[in-house]
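# Architecture and fold: a report
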Amino acid sequence: MIVMKFGGTSLAEAEDIRKVTALVRARLPEHPVVVVSAHAGVTNELDRLARAALERATGIVGIRERHLRILRELDLPADLVEDLLRELESLLTGLSLVRELTPRSLDYVHSFGELLSSRIVAARFRHEGIAARAIPSWDLGLVTDGNFGGAHPQAESWPRIRRSLERVKELPVITGYIAKDRDGNITTLGRSGSDYTASIVGAAVGAGEIQIWTDVSGVMTADPRIVPGARSLPRLSFAEMSELAYYGARVIHPSTMIPAVEKKIPIRVLNTHAPEHPGTVVLDDGPGEGPAVRSIAQRRGLTLISVVSTRMLLQHGFMARLFDVFARHEVVVDMISTSEISVSITTDSKKDLTPVVRELSAFADVEIEAGKAIVCVVGEGIRTSPDTAADILDTLRRAAVVTRMISMGATGINVSLLVAEEAVETAVRALHRAFFGS
Ligand code: ADP
Ligand code: ASP
Ligand code: MG
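A quick note: this is a predicted structure, and the numbers were derived from the prediction, not measured.

## Observations concerning the site of ligand 2
As a structural note, the neighbourhood of ligand 2 is formed by S37, A38, T43, E114, Y177, R191, S192, G193 and S194. One nitrogen or oxygen atom from the side chain of E114 is found 2.7 Å from a nitrogen atom belonging to ligand 2. In isolation ligand 2 offers 260 Å² of accessible surface; the protein chains occlude 86% of this area. By residue class, the composition of the shell around ligand 2 is two nonpolar, five polar and two charged.

Below is the structure:
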């Protein structure tokens, strides 16, 4: 059994869905389970409509026309998704009446993207003679906590999904990204979460491989939108991919690695528009052959919090007290560095940090700076190549990029640097040139 996950860019238009049908057909002997995202751009549009509903009543003309056009071009009946479109319309009307958008209702609105696309894809498969069935992930038993906008799957999901899929005779076309909590409320796994659904399903059924079909030929040496000359990597280790995903390589949602690592299932990243390309296989193994540095990722939108205290730092319990504040306010901390009298911490939290600053100010001087980014250089070989960190700093110095923080994780396979957001592209390009040429 394999999992084949198709991202929004692989399902953007009717012609893409035809390609996907051919790809799946060719792999029927491997017993695929298909996981789909919404058609490209639909989740963003739903998000926009939900927020606009707070100001005025909104129609769903764009969403309706987009889906009806895809249906028409795929020779599918126009009323295939009418019930979903009507429900979405009523929901938006309701939101515009109460003028209130909670995280829970936002997830409900977002869920229509995958409900619509899974139905369309399954119907097209059937149209081409493949017995397929659209299945909302909750019908398989995917249950999360109630953390709307970034829900966590609960342990009972795995055996339930396995048992449910054993009973499905057709080819399952499962909704990515969305789930339900134990009370039956619709949740989402966080933006780009369909990758995560794919690995949850893969781990549940013990798949031989989890395939992530996207619009690039595998994981590359850098984000090709920043470095047009970035090259595709034939293989990466689980540890390398986890670091890259966590530090912003959008090609895989960061949580995707967790179930795959646990069950040691290889992930293969493939290109729907160039399926003959071998893409990248992510495996549970060590460094292998090749250069120390494998890839460079970046993550924007970070805030730097500097905590300075001459009184407390050398006393035991200071760090515990400091991090307790972050823990209680549920603010996730990314990068940490300390000096004799200061601790620097970064977070990508979009929460209001005022209460955190207020509490910290009771025992230290606190400064906050938004608009930061992390650039992360990843490779198993970094551990045994002592020059890499020096080369990174030297490269950034020559590119006139100011580095505010630097950290090397305990596994020794990444070097992360905090820079100003405006400098992030210069930094990535300079590092790419230094480690990969051109
Ligand atoms: P999908 O619709 O398939 O989920 P995404 O847009 O979420 O596609 O992810 C694919 C995109 O990830 C690529 O188009 C590319 O711009 C971006 N990306 C960022 N970093 C990398 C990287 N290191 N390798 C490949 N793609 C990357
Ligand atoms: N459709 C969702 C999003 O745009 C999930 C995904 O694409 O993986 O975030
Ligand atoms: Mg994605």
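## Notes on the nonpolar core
Core analysis: the largest hydrophobic core is formed by 51 residues, its most contacted members being F6, I63, I120 and F125. Only β1 (2-6), α1 (14-26), β2 (32-36), α2 (42-52), α3 (61-73), α4 (82-98), α5 (103-127) and β5 (171-175) provide two or more residues apiece to this core. With 10 residues, the single largest contributor to this core is α5. Within the second largest apolar cluster, 47 residues are counted, among which are V33, L140, A207 and I252.

## Details of the site of ligand 1
Close contacts around ligand 1 come from 18 residues, with T214, D215, M220, R225 and R250 the closest. Residue T9 places a side-chain N or O atom 3.0 Å away from an oxygen atom belonging to ligand 1. The contact in question runs from an oxygen atom of ligand 1 to an N or O atom on the side chain of D215, over 2.8 Å. The fraction of the free accessible surface of ligand 1 (580 Å²) that becomes covered by protein chains is 93%. Across the shell around ligand 1, the residue classes tally to eight nonpolar, five polar and five charged.

Rules used throughout
- Residues numbered from 1 in each chain as written.
- Chains lettered and ligands numbered in written order.
- Predicted model: local features only at pLDDT ≥ 70, side-chain atom pairs only at ≥ 80, totals over all residues.
- Heavy atoms only, no water.
- Near = heavy atom within 4 Å.
- Polar contact = N/O pair within 3.5 Å; in protein donor to acceptor, adjacent residues only side chain to side chain.
- Areas by Shrake-Rupley, 256 points an atom, 1.4 Å probe, with all protein chains shown as cover.
- Nonpolar A, V, L, I, M, F, W, Y, C, P; charged D, E, K, R; others polar.
- Core = buried A, V, L, I, M, F, W, Y, C linked by side-chain atoms within 4.5 Å.
- Buried < 20%, exposed > 50% of the residue type's maximum accessible area, 1.4 Å probe, protein only.
- Helix = DSSP H or I, 4+ residues; strand = E, 2+ residues; numbered from the N terminus.

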